[in-house]
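Coordinates in review
Residue strings, one per chain:
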Protein chains: 2
Amino acid sequence: MAEQVVDALTTVLDGRWARLRGQLRERMTATKLADSYDLDPETHRAQVFEQLRELVATGHPKLGFDREYGGEGDIGGSVVSFELLGYGDLSLMVKAGVQWGLFGGAVQMLGTRRHHERYLRDIMTLDLPGCFAMTESGHGSDVQHLRTTATFTDGGFTIDTPDDDARKDYIGNAARDGRMAVVFAQLVIGDRSYGVHAFMVPVRDETGRPMPGVRIEDCGPKAGLNGVDNGRLWFSGVRVPREALLNRYADVAEDGTYTSPITSDGRRFFTMLGALVRGRVSVAGSAGSATQRALTIGVRRAETRRQFARPGSDEEIVLLDYLAHQRKLLPALATTYALHFAQEELVAMLHDVHSAPSQDERAQRVLESRAAGVKAVATWHATSTIQAVREACGGAGYLAENLLPGLKADTDVFTTFEGDNTVLLQLVAKGLLTDYRDNFADLSPLATARLVAEQLMGAVLERLPARKLGSPELFDRAWHRELFADRAQHVLAGLARRLRAAASSDADPFEVFNDAQDHVLLAGRAHIDQVVLEAFVAGIERCASPSAATLLNRVCDLYVLSTIEAERGWFLEHGRLTPPVAKRVLAEVNALCRELRPHARTLVDAFAIPEQYVATSLG
Amino acid sequence: MAEQVVDALTTVLDGRWARLRGQLRERMTATKLADSYDLDPETHRAQVFEQLRELVATGHPKLGFDREYGGEGDIGGSVVSFELLGYGDLSLMVKAGVQWGLFGGAVQMLGTRRHHERYLRDIMTLDLPGCFAMTESGHGSDVQHLRTTATFTDGGFTIDTPDDDARKDYIGNAARDGRMAVVFAQLVIGDRSYGVHAFMVPVRDETGRPMPGVRIEDCGPKAGLNGVDNGRLWFSGVRVPREALLNRYADVAEDGTYTSPITSDGRRFFTMLGALVRGRVSVAGSAGSATQRALTIGVRRAETRRQFARPGSDEEIVLLDYLAHQRKLLPALATTYALHFAQEELVAMLHDVHSAPSQDERAQRVLESRAAGVKAVATWHATSTIQAVREACGGAGYLAENLLPGLKADTDVFTTFEGDNTVLLQLVAKGLLTDYRDNFADLSPLATARLVAEQLMGAVLERLPARKLGSPELFDRAWHRELFADRAQHVLAGLARRLRAAASSDADPFEVFNDAQDHVLLAGRAHIDQVVLEAFVAGIERCASPSAATLLNRVCDLYVLSTIEAERGWFLEHGRLTPPVAKRVLAEVNALCRELRPHARTLVDAFAIPEQYVATSLG
C-alpha cells in the first residue's frame, strides 16, 4: 500500500519528463560511480573529467542541442538531466554544466550556423572542452560593465585584459581542461564601444599549453566543488578572426560596419543574457536534487536513531518522534515538494518558450523573472535545509563519509553563481514593477495605487471567492491562495506607490531605490511564494491516485501553514491574520508534523533517488 | 578620533581579563602561524600537534590548573585563552580544548590529590596527551545511559565495550596522539550498577601502539576540524587499578565497598557533568571569536568592493552602502556585540563559582543553565552569521584562501558538540521549570499561574516603570528590558501552566512534554535573550568613554530592534506590539543600519583581532 503511494507520488513528481527521468535513474542505478569525499583536489578533478567522458557515452549531453547537429532538441530534457546529475557528485554536475550548458549553450544560443557547424559536435563529444568566460574579478553581478576588450582591426579582433581587475575569474574548466573559451568582452570598433559581445577564443593548444598571449592561473582550493577546475584568464593582444564573434544578435562586417537588430547596447546585452537562462534553471533544479538527497538521508537517520528513554521505560525514543525533530525536517520537506512542482513548471515554460518557432518577448520576460526567483528561493532553501539536516544528524552528520559535509560545501555557492540571489530577487521585483510602468505610466501615484488595488484584487476575487479574513478555515486551499496572492500584490502595490512618490520628488534615484531595498526583496519573494503555491496546487490536480493526492494535500497544507507561520509578522501587521488565528496556525503546524510523521519515509522514498547516492551509515 | 573610539570599545569588550587578552594578542601578533586551509588531513594533524607544543612554551595552558601543581589557578583566564585561540585555526583550539580543557579538566575536577599529583604536570606539558572518552556511537546526547562497563573485581576495574553501539566515538586526540583516556563507564560491583564514573585508562604505549585490549579506529575525514584526530575506541578486558577511578564524587574501597556523598546515581552523574561546564563556556567563547573574525573579513570586503554604478554616473557603489548588504551584516554585528557581553558575564560567573572556597549549589545551577543557553545561542549565531558573510562576499568568499570556507566548516559542529543545541535549550527551560516546581510544588495549576504572574511581573515592575505597551518610545532601554523580561516570563509561565495542567491529567508524560517541545525551546530562548540584553546593558554601563558608550547604545538599539523584528510574530500575537509599532520597528532597523554603516569598520576593528587572522585578498 505504502509502496503504491510512493510510486504514485513519484509519477506526479516526475511530471512531463517522466520517461527520461526513468531512463536516467536506471542508468544511474546500474552505474556505480566512485565516491569523491576523500579525494585530494587533483585526483578529484581527474576523476570528474573521466566521468564527464563516461557521460558522453550515454548520449545524454546531446539532449539540449539541435537535431541538425546530432543533438536531440529536447531543451527541457537537458535541464532534467542536470537535475538528475544533482543527486550525485555536484562537481560532475557543475563541470557538465560548464561544458554543455554554459559553453555549449553560449555557442548554440549566441552563435549562428557557422559556429554550430564548426563546434557543436566536438562540444557534445568533449573533443572540445570549453569555458564560459564572463565573470571578471571586478565585475561579478554587474557583468554589463566588464572590462575585457575585443578591438576590431584588420578584419579581426584583438582580445585584451586591461588590468587585474578585468581578468576573467572563477572560470570553470579553465585551470586544467578547457581548450576554447567563449569570452565576453566590450566590442570596440574605432573609438566606439558597442557593449558586451561574446567571442570564441582558443585558450590552450592540443598539448594543453596556454595559447600565446593567454595567461592562466588556478583559483586554488574552494569550500567545495573541488572536482571543478576554476581558473583565471588574462588576454594580452590575442588575435581571433572576425568569425569568432558569436553573431546571432550583432555582427561586424569585413569593413568594420557594425549591425544589430537590437539598437540599444543594454537591451542587446540583456537579450543575450536572457538566451542563456537555461543555466539558471538547471542550478535551481540541481539545488532541489541536493535538498531531496539530504532530506532522504536525514529522514532515514531520524527514523532509526534513538536517544533518551521514554519516562518509566527502557525503550528509547526514535528521533523523528520528537516534535522538535519533526519541525526541523518536515516543513523543509513540504517546501521541497512545493519547489519541485515550481521547478517542473519552470522547465516546461523554458522548453516551450525556447522551442517555439517565433520569439514571444512577453513569455521570455516572464520566464527570466521566474527563473531568477525560483533559483534564488530554491538555492537558499537548499542551504538552510542541508544545514538543518546536518545538525539533525548530529556528529555523524559531520563525517565526510556520510555525505552531508560534501552536500553542504558543494551547494553553498549555488546562492552566488548563476546570479547572486539578492540581485536575482531584485530582478523579479523590477520585472513586476516594469509591468506596472507599462500599464500605468501616465497615472498619478494615487490613481495608480487605486487602479492596482482594483485591477489586481479584482483578478484575485474573480478566481477565488471573497471571504472575511478574520475567521478562515485554516485548511481551505482557496483561502491559502487568496492569502498568498493578496500578499504578493499588496507588497508590490505598496512598493510601486512608494517608488512613484519618491520618484516624483527630486530625491536621488539611488537613495530612493536603496531606501526601499528590503521592500523590493520582499516583493520578489512574495511573488515567488505565490508562484510556488500555485505550482503545487496544479501538481496535486495532476495526481491520478486519490491516496497520493490526499497525502500531497496535507504536505501542501504544511507548506502553506509553515510559510504563514514564518511570515506571520507581516500577516499580523497588515491585518491579514488576527492574533488568535496566528496562534492556531502554529498549533496546526505542530499537528501536521505529527500527522505527516508516519509518512516521512514515503515522502522521501518518492524522490526515487538511486540508492548509491543516499546509502550511508546513518541508517 | 575614530581610533580613540576603537580603543575605548576594545577596553570595554576586553572586560575583566583585559590584561590577559592584551598579552595573548601581543603573542599572537608576534607569532606568525602557518595557514592550514590547503593542507591534507595528515599534514594538518602534524602541524596542529606541533603548534600545541608551541602553546606549551607560552605557559598559557597552565592558566586553568591549580597553583599547587604548577598551574595559575585562573579559571576565567583559561576560558579567555580558548576564546583567543578561536581567532586562529579552530583545529588548534579544539585540540587544545581536548588536551587541557576536557582531558586535563576531567582529571582536575573529577579526580583527587593522587590523580593531580601524578598527572597534571605531564598534562600541562603535553608529555601525557590524553582523550576525553565519553560519547559512544549509540549515546551522544544521552550520555547518562552510555554502555561501556567498568567492573570491579580483585581490587581493580575491568573496562569493556559490550558491542559496537557502545564503542567510544568521535574522541578527539584518539586517532593519532592520545596516550591516556578518561573513560566514562557504568561502574559495576557484583551484580549492581552504580551509574557512570570516570577512569584513567592508558590507550597507547610509549611507542604509540595501542595498549593490549584497546582497539583504535580513525573517524576519517570530517566537514572541518581536520587537524583534530578524532577516533573510536573499543575496550576488551582492559585492567586498570582501583586508583584509576577519578574519585572526587565516589570511591570504591579495596573490599569493593562503594561510597559517595551523593546517593542518587543520576544526581551524582549530573554533578560530575556540572563540574565539566568549562568546556561548554569555552565553545561559546570561541564561537564568538570565529563570528567576530568572519564579520571583520566581511565588513572589510563590504567597505572596498564596488558593484553597479550610481544611476547617471560612472561611480560604482560600495557594497556596504546598499541597505540589503547592511541588513546582512549589521544586525549580526550588533548581536555579536550582545553575545560577547553575555559571554564575559558567563566567564566571570564560572570563575567566581568555581573559585569559591565552598560550593554554592544554586549558583552552580544558574551557571550550568546560563552556559547551556549561551552556548546554544552563540553557536547558532556563529553558523548563521558566517554563512551570511560568505554569501555577502560572493564567489570570493567561497575560495579557501579567503578563510571563510574554513570558518564555516570548522564551526559547523559547534552547534552539536559539547551538547546538542536543541537539547541544551531544553536544559535551560527545564532548569527554569524546576525553579517553579520548587516554589509552587503544591499549588493547583490556576493558583500557580496566578502566583507566577504576580510574583514575576511584580519583580519586573519593581525594577522598571510600568508603561502602556501600545505606544512605546522605540529607543527607550527600559521598554526594551521590560519587553524582553515580560516575554521570557510570559512564555515560561504559559509553559508551566500547560505542563501542570497536562500532568494532572492521566496523559502519557512523554506525549505531554513532546507536544509542548516548541514551547519549551521558546522558553529557553526567550530567557537567554533577556540574559543577553541585560549583559549588554551592564557592559555599556562599564564603558568609561562617552563617545564609545553612545555608539554602543546605538548598537544595542539595533540588537534589540532587530531581535524584536525577527520575533515580531510573537509580540503581535500576544498583544505586546500593535501593528503600527511593529512596522515602525522595521523602519527603525533600516534607519539604524544607515546610521551605523559609517561605524561598521570601527566596530569590527574594536574586536582587535591580530591582523594575520583577518588579512585576506577580500580587502
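Counting of residues starts from 1 at the beginning of each chain's written sequence and follows it residue by residue. Both sets of labels track the order of writing: A upward for chains, 1 upward for ligands. The predicted nature of this model means local features are confined to residues of pLDDT at least 70 and side-chain atom pairs, given and counted, to a pLDDT of 80 or more, with totals for whole chains, interfaces and linings taken over all residues. With hydrogens and water stripped out, all remaining heavy atoms of the structure feed into the side-chain values.

**Describing the overall build of chain A**
The way it works is that DSSP assigns letters per residue, a run of H or I at least four long becomes a helix, a run of E at least two long becomes a strand, and they are numbered from the N terminus. When you go through chain A residue by residue, the secondary structure sums to 20 helices and 13 strands. In terms of overall size, chain A behaves like a compact globule, its C-alpha atoms giving a radius of gyration of 25 Å where 619 residues would be expected to give roughly 25 Å. Each principal axis of the C-alpha distribution contributes one length, and for chain A these read about 85 × 65 × 40 Å. For chain A, buried positions account for 62% of its 619 residues. Counting only contacts in chain A whose residues sit at least 6 apart along the sequence, the fraction spanning at least 24 positions is 74%. Calculation of accessible area relied on Shrake-Rupley with a 1.4 Å probe; when residues are assessed, cover is drawn exclusively from the protein chains displayed. A total of about 22,600 Å² of accessible surface is found on chain A, and carbon and sulfur atoms cover 52% of it. The positive count covers Lys and Arg only, the negative count covers Asp and Glu only, and His and the chain ends enter neither. Taken as the charge centre is NZ of Lys, CZ of Arg, CG of Asp or CD of Glu, depending on the residue. If you average the places of the 69 positive and of the 81 negative side-chain charges in chain A, the two averages end up 2 Å apart. C-alpha atoms define the radius of gyration in this analysis, and the globule rule sets the expected value at 2.2 Å times the number of residues to the power 0.38. For the exposure calls, accessible area comes from a 1.4 Å probe over protein chains only, and a residue counts as buried if that area is under 20% of its type's maximum, exposed if over 50%, partly exposed in between. A contact between two residues is defined here by any heavy atoms of the two lying within 4.5 Å.

**Side note on the packing of helix 9 (residues 323-355) of chain A against helix 17 (residues 546-566) of chain A**
Residue and element names in this part refer to chain A. Here, axes are lines fitted to C-alpha atoms. For helices the fit covers the stretch in contact, and angles between N-to-C directions go from 0 to 180 degrees. At a minimum axis distance of 9 Å, the contact between helix 9 and helix 17 shows a crossing angle of 110°. As summarised for this structure, helix 9 and helix 17 are arranged roughly perpendicular, according to the angle between their axes. In contact with Arg327, Leu330, Pro331, Ala334, Thr335, Tyr337, Ala338 and Phe341 of helix 9, helix 17 contributes Leu552, Val555, Leu558, Tyr559, Ser562 and Glu565. By definition in this entry, angles of less than 35 degrees are roughly parallel, angles greater than 145 are roughly antiparallel, angles of 65 to 115 are roughly perpendicular, and the rest are oblique.

**Here's the deal with the sheet that holds strand 7 (residues 214-218) of chain A**
All names here are of chain A. Read from one edge of the open sheet, three strands run 4-8-7, paired in antiparallel fashion. Strand pairing shows two members of the sheet lacking a second neighbour, strand 4 (168-171) and strand 7, which therefore form its edges. Within this sheet the neighbouring strands show an average axis-to-axis angle of 25°, counted without direction. In this structure, strand 4 lies alongside strand 8 (residues 231-235), joined through two bridges in antiparallel fashion. When the bridges of strand 8 are listed, lysine 168 appears paired with leucine 233. Two strands pair if DSSP finds at least two bridges between them.

**Concerning the relation of the copies chain A and chain B**
Least squares is used to superpose the copies, and the fit set is the C-alpha atoms of residues whose pLDDT is at least 70 in both copies. Rotating chain A by 180° about the axis while translating it 0.0 Å along that axis superimposes it on chain B, leaving an RMSD of 0.0 Å. Here the copies are linked by what is in effect a two-fold axis. Within chain A, A:Gly569 has its C-alpha nearest the rotation axis, a separation of 2.1 Å.

**Notes on the sheet that holds strand 4 (residues 168-171) of chain B**
Residue and element names in this part refer to chain B. Ordered in space as 4-8-7, the three strands form an open sheet in which the pairing is antiparallel. The open sheet terminates on both sides in strands that have one partner only, identified here as strand 4 and strand 7 (214-218). Each adjacent strand pair in this sheet contributes to an overall mean axis angle of 25°, direction not counted.

**Quick notes on the interface of chain A and chain B**
The parts lose accessible area when they come together, and the size of an interface is often stated as this lost area. Between chain A and chain B, the residue contacts involve 75 residues of the former and 75 residues of the latter. Buried area: the accessible surface (1.4 Å probe) lost by two parts on joining, summed over both. Here chain A meets chain B over a buried area of about 5,800 Å², counting both sides, of which 52% is carbon and sulfur. For chain A, the biggest contributors to the area lost against chain B are A:Tyr398, A:Phe510 and A:Glu573; these three give 14% of the whole. What makes a salt bridge here is a side-chain nitrogen of Lys or Arg within 4 Å of a carboxyl oxygen of Asp or Glu, nothing more. Taken together, chain A and chain B are joined by twelve salt bridges. The salt bridge partner of A:Glu573 is B:Arg568, with a shortest N-O separation of 2.4 Å. The term polar contact refers here to a pair of N or O atoms within 3.5 Å; inside protein, the definition further demands a hydrogen-donor-capable atom paired with an acceptor-capable atom, and it admits residues adjacent in sequence only when both atoms are side-chain atoms. Applying the counting rule to chain A against chain B returns 54 residue pairs in polar contact (both at pLDDT 80 or more).

**Things to note about the side chain of B:Asp486**
By the element assignment, B:Asp486 lies in helix 14 (residues 477-504). Side chain to side chain, B:Asp486 and B:Arg576 meet in a polar contact 2.6 Å long.

**With respect to the packing of aromatic side chains**
Under the pairing criterion, centres of Phe, Tyr and Trp rings, with the six-membered ring standing for Trp, must be within 6.5 Å; the plane angle then separates stacked pairs below 30 degrees from edge-to-face pairs above 60, leaving the rest tilted. Applying the stated criterion to the full structure yields 24 aromatic pairs over all chains. Our definition puts a charge over a ring when NZ of Lys or CZ of Arg is within 6 Å of the ring centre and also within 35 degrees of the ring normal. Positioned over the ring face of A:Trp234 is A:Arg215, at 3.6 Å from the centre of the ring. If you follow B:Arg554 out to its NZ or CZ, it ends over the ring of B:Phe475, 4.7 Å from the centre.

**Topic: the confidence of the model for chain A**
Each residue carries a pLDDT score, the predictor's confidence in it, ranging from 0 to 100. Put simply, chain A has an average pLDDT of 93, and 94% of its residues get 70 or more. The complex model carries a pTM of 0.95, and its ipTM stands at 0.95.

**Details of the packing of helix 10 (residues 361-392) of chain B against helix 16 (residues 517-541) of chain B**
Residues and elements named next belong to chain B. Running from N to C, helix 10 and helix 16 point in directions that differ by 90°, and their axes come no closer than 10 Å. Taken together, helix 10 and helix 16 sit at an angle that is classed as roughly perpendicular. Along its contact with helix 10, which presents Arg370, Gly373, Val374 and Val377, the element helix 16 presents Arg525, Ile528 and Val531. The nonpolar class holds Ala, Val, Leu, Ile, Met, Phe, Trp, Tyr, Cys and Pro. Asp, Glu, Lys and Arg form the charged class, and all remaining residues, Gly among them, are polar. Its residues assigned to classes, the contact of helix 10 with helix 16 comprises four nonpolar, one polar and two charged.

**A few points about the pairing of strand 2 (residues 149-153) of chain B**
All names here are of chain B. The side-chain alternation of strand 2 yields one buried face, formed by Ala150 and Phe152, and one unburied face, formed by Thr149, Thr151 and Thr153. Across five bridges, strand 2 lies against strand 3 (residues 156-160) in antiparallel orientation. Its bridge partner being in strand 3, phenylalanine 152 is matched across the sheet by phenylalanine 157. Count of turn residues in the strand 2/strand 3 antiparallel hairpin: two residues, of which aspartate 154 carries a positive phi of about 50°.

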